[in-house]
Amino acid sequence: MNAQAPAAAQFARFAVSPARRRKDRLARALITAGTVIALIPLVLVVYYLLKKGLGSWSWSFFSTDPTGNTFFKTSSIGGIKSAILGTIEIVALASVIAIPIGIGVAVWLVEYGRQSWFAQLVRFFVDVLTGVPSIVFGLFIYIVLVVGTGSSYAGYKGSLALSLLMLPVVIRSAEVILLLIPGALRESALALGAPRWKVIFRIVLPTALPGMVTGILLAIARAAGETAPLLFTAATTRNTDFNLSHFMNSLPVQIYNDVTSPTTSVVNRAWGAALTLVVMILLLNLIARLVSRRSRLA
Amino acid sequence: MSSDAMPSQTADAEPANVEPATVEPDSQTDSPREQIAPSPAPQAPTATPRAPSANAAKQGLSVTLEKLHAFYGDAEQVKGIDLEFRANEVTAIIGPSGCGKSTMVRCINRMHEEIPGAHAEGRVLLDDADVYGPDVDVVAVRRAIGMVFQKPNPFPTMSVFDNVAAGLRLSAGGRAGRGKADMHAKVETALRGAGLWDEVADRLSEPGAGLSGGQQQRLCIARSLAVEPEVILMDEPCSALDPIATLKIEELIEELKQRVTIVIVTHNMQQAARVADRTAFMLSGELVEVGPTQEIFTKPSDSRTEEYVTGKFG
């Protein structure tokens, strides 16, 4: 009889067997080890960036253009002002091109194209585009806009290459978020007698905005760190220039040029520039998150 | 039936109808309101005498279904229904799950065709205008025939005030108020109409999603009232609510029928008995019987109706 059985026996009925306990420990250990291993390179990257990059940070590092004078130890090699401003300008223009188009394509895929053969085709090509190496986009713009027009490099050509790179990332991430918006929300707006375009602009997009910010940031961060598409579309120069139709410096290209230098101080400038790039993307992330959090509450 | 008389409406044809130009209020000649609900012409007699109303300014319109079929792809879910919803009356649709109640109701304001692959055939007359007619603007149809859904679904990004105002703003070009004071007055009227004003008057700027479930549902009713429809379709409006909130909605329905025609789908037969003037019983996509609620529940003419209302199946 259960009621008369000793307490220990009653608990034993529900006890975890030693074999299962061992398997549990092993699985936990493996998962923990995997997490730690994945973190090691991340921590090392941040550590080296800070260790080597912080040393070259100074006011003049941010406020002067690189001089190109690397032969005489007495003269200054300059800072990375033109690279910072160039990256901001090129990426800003690329975002202005890629984000509206990307969201537009995502809206079309979700709200209009749905499962039609053309929508499926668009999805397929967007997926292909995601996997295209970044240098191919640079090459494409180089062939079409530099060789094709017989003109020289320009900031806006770099922006176009980067926007091609951003486009598939923006489309796919925005599409995923738009699919998450409940159909009931669209239905209730349509049932009020709202035209479809108003449902999209006033209901669907505002609801999806905080989610879409994440994908957009990822795209911007990826574009900001790309060297290859800029090498033969926008670069290279040392001077600060706000005209996007001129040669334009950028942080990744500056880093690329500096690390190949035999001069230690110039290599150190590359570390400083790399740290600057990471901090810039971090700041962008923080700002966007604050903005989207505020808009969600409103 | 001939296809030219009863054109099938598909979702694909829909985007052409949402051209903003067709909903401009300035064009007096081809106002969508007049297309949908022309004032009853003498040569077009409607069999529906209008019920006397306390609010003479606003009246409901009758809705008549003629040989309505609804499809999901090739599957026929509603199989030829002829049914009349009388003006300023509450008509309840009862029937077991999957019998096509919701599908039928969604055909009335042409929401059915929003589902990919779905279409409807037949005629739905609002007063005497066919909402499936060739030149009809679906946007105008939905403005005239409002809808309340099963789950309360206030717009999550908007405040209580904006949720109600959204009805006006989203359908601007219809009867939207232009001025701020005008908008405020209309929102207040709609909220009072939905019996919610006293509860939310001091929290109009708070998120609509922060209200209780019953309040959210009345907010959704207020939102559809703001557009001043002639008919309101309710698709199981109380199935996600507790009994107290349900009671409030039912009291509200009683008041609302002074102004609008109400069609309510319900799983709850007691609810149909409480609120409906007339009740229709559906089974497997067909209309079995319709009549005064009292009659349907006490002495139905069809044996299947009797079995259903006495709880023998369903």
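Residues numbered from 1 in each chain as written. Chains lettered and ligands numbered in written order. Predicted model: local features only at pLDDT ≥ 70, side-chain atom pairs only at ≥ 80, totals over all residues.

Asker: Any details on the overall build of chain A? Residues and values, ideally.
Answerer: Each helix and strand counted, chain A has 12 helices and zero strands in total. Sequence-ordered secondary structure for chain A, helices as α and strands as β, is α-α-α-α-α-α-α-α-α-α-α-α. Here chain A has a C-alpha radius of gyration of 26 Å; the compact-globule value for 298 residues is 19 Å, and the former is much larger. Expressed along its principal axes, the backbone C-alpha trace of chain A runs to roughly 95 × 60 × 35 Å. Expressed as a percentage of its 298 residues, the buried residues of chain A come to 36%. (Helix = DSSP H or I, 4+ residues; strand = E, 2+ residues; numbered from the N terminus. Rg over C-alpha atoms; globule rule 2.2 N^0.38 Å. Buried ≥ 20, exposed ≤ 12 C-beta atoms within 10 Å, placed from the backbone.)

Asker: Tell me about the overall build of chain B, residues and numbers included.
Answerer: Per the secondary structure count, chain B includes 11 helices and 11 strands. Residues counted as buried form 49% of the 314 residues belonging to chain B. In chain B, the proportion of contacts linking residues at least 24 apart, taken out of those at least 6 apart, comes to 73%. (Contact = placed C-beta atoms within 7 Å.)

Asker: Tell me about helix α2 (residues 18-53) of chain A, and name the residues and values.
Answerer: A turn of α-helix holds 3.6 residues, and therefore any two residues three or four places apart point the same way. All names here are of chain A. Across its 36 residues, α2 extends 52 Å between first and last C-alpha, which sits within 8% of the 52 Å expected from 1.5 Å per residue. At L39, α2 shows its maximal bend, which comes to roughly 25 degrees, and the proline P41 appears one to four places after that position. α2 sits mainly on the outside: one of its 36 residues count as buried. (Expected span 1.5 Å × (residues − 1). Bend = angle between axes of the 7 residues up to and from the residue.)

Asker: Give a detailed account of the pairing of strand β10 (residues 278-283) of chain B, specifying residues and quantitative values.
Answerer: In regular strands, side chains alternate between the two faces of the sheet. Residues and elements named next belong to chain B. Across the six residues that make up β10, a large majority, five, are buried. The sheet contact formed by strand β4 (residues 90-94) and β10 spans four bridges and is parallel. Note on β10: the bridge partner recorded for I93 is A280. What sits between β10 and strand β11 (residues 286-292) in their antiparallel hairpin is a turn of two residues, with S284 showing a positive phi close to 50 degrees. (Pairing = 2+ DSSP bridges.)

Asker: Could you give an account of the nonpolar core, naming the residues involved and the relevant values?
Answerer: The tendency in soluble globular proteins is for nonpolar side chains to be buried side by side. Counting 146 residues, the largest nonpolar core has M166 and V170 of chain A together with A222, V231, V263 and I264 of chain B as its most contacted members. By residue number, the principal contributor to this core is helix α7 (residues 155-180) of chain A, which donates 14 residues. Filtering out sequence-adjacent residues up to four positions away, M166 of chain A remains in contact with A94, A98, A219 and A223 of chain A. (Core = buried A, V, L, I, M, F, W, Y, C linked by C-beta atoms within 7 Å.)

Asker: With reference to specific residues and values, describe the sheet that holds strand β8 (residues 231-235) of chain B.
Answerer: Residue and element names in this part refer to chain B. Pairing in this open sheet of six strands is mixed, and the strands run β7-β8-β9-β4-β10-β11 from one edge to the other. Only two strands of the sheet have a single neighbouring strand rather than two, namely β7 (145-148) and β11. Along the sheet, successive strands turn relative to each other by an average axial angle of 20 degrees, direction set aside. Bridge count between β7 and β8: four bridges; the pairing is parallel. Looking at β8, one finds that V148 is bridged to M234. Across the sheet, helix α7 (residues 213-226) is in contact with β7 and β8; its angle to β7 comes to roughly 170 degrees. (Axes fitted to C-alpha atoms, helices over the stretch in contact; angles between N-to-C directions.)

Asker: Go over the packing of helix α6 (residues 134-147) of chain A against α7 of chain A, please, and point to the residues and values.
Answerer: Residue and element names in this part refer to chain A. The geometry of α6 relative to α7 is characterised by a closest axis approach of 9 Å and an angle of 140 degrees between their N-to-C directions. Relative to α7, the element α6 lies oblique. Between α6 and α7 the crossing geometry is right-handed. Counted together, S134, F137, G138, I141, L145 and V146 of α6 and K157, L160, A161, L164 and L165 of α7 form the full contact between these two elements. Per-class residue counts for the contact of α6 with α7 are eight nonpolar, two polar and one charged. (Parallel < 35°, antiparallel > 145°, perpendicular 65-115°, else oblique. Left-handed = near helix turned anticlockwise from the far one by under 90°. Nonpolar A, V, L, I, M, F, W, Y, C, P; charged D, E, K, R; others polar.)

Asker: Please give an account of helix α9 (residues 196-224) of chain A that cites residues and values.
Answerer: For α9 of chain A, built from 29 residues, the straight-helix expectation of 42 Å at 1.5 Å per residue is missed by more than 12%, its first-to-last C-alpha distance being only 35 Å. At L209 of chain A, α9 of chain A shows its largest bend, some 55 degrees, and a proline, P210 of chain A, comes one to four positions later.

Asker: Could you give me a rundown of the pairing of β4 of chain B, with the residues and numbers involved?
Answerer: Most of β4 of chain B is tucked away, with five of its five residues classed as buried. Across the two faces of β4 of chain B the burial is the same, with V90, A92 and I94 of chain B and T91 and I93 of chain B all buried.

Asker: Account for the confidence of the model for chain B, with residues named and values stated.
Answerer: Residues and elements named next belong to chain B. The share of residues in chain B with pLDDT of 70 or more is 79%, and the mean pLDDT across the chain is 80. This model gives residues 1-56 a pLDDT under 50, and the stretch forms 88 contacts once residues within four places in sequence are excluded. The complex prediction reports pTM at 0.76, with the ipTM value standing at 0.74. (pLDDT = per-residue confidence, 0-100.)

Asker: If you had to explain the environment of A184 of chain A to someone new, which residues and values would you point to?
Answerer: Within the fold, A184 of chain A resides in helix α8 (residues 183-191). On the basis of neighbour count, A184 of chain A is assigned to the partly exposed category, with 13 C-beta atoms found within 10 Å. Along the backbone, A184 of chain A and A234 of chain A are 50 residues apart, and their C-alpha atoms lie at a distance of 47 Å. Once you skip the residues sitting within four places of it in the chain, A184 of chain A turns out to touch F149, K151 and N153 of chain B.

Asker: Residue-level account of the packing of helix α4 (residues 160-170) of chain B against α7 of chain B, with values.
Answerer: Residue and element names in this part refer to chain B. For the pair α4 and α7, the least separation of the axes is 7 Å and the interaxial angle reads 35 degrees. In this structure, α4 meets α7 at a crossing whose hand is right-handed. Side by side, α4 and α7 meet where V160, N163, V164, A166, G167 and L168 of the first sit next to L219, A222, R223, S224 and A226 of the second. For the contact of α4 with α7, the residue count by class is seven nonpolar, three polar and one charged.

Asker: Explain unusual backbone geometry to me, and be specific about the residues and the numbers.
Answerer: Residues and elements named next belong to chain B. The residue R110 is not glycine, and still its phi comes out positive at about 60 degrees. Here R110 lies in the loop between α2 (101-108) and β5 (118-126). One non-glycine residue, S284, lies in positive phi territory at about 50 degrees. Checked against the element boundaries, S284 lands in the loop between β10 and β11.

Asker: Residues and numbers for the environment of P168 of chain A, please.
Answerer: All names here are of chain A. Tracing the backbone through its elements, the reader meets P168 in helix α7. On the basis of neighbour count, P168 is assigned to the buried category, with 21 C-beta atoms found within 10 Å. With residues up to four places along the chain from it excluded, the contact list for P168 reads V126, L129 and T130.

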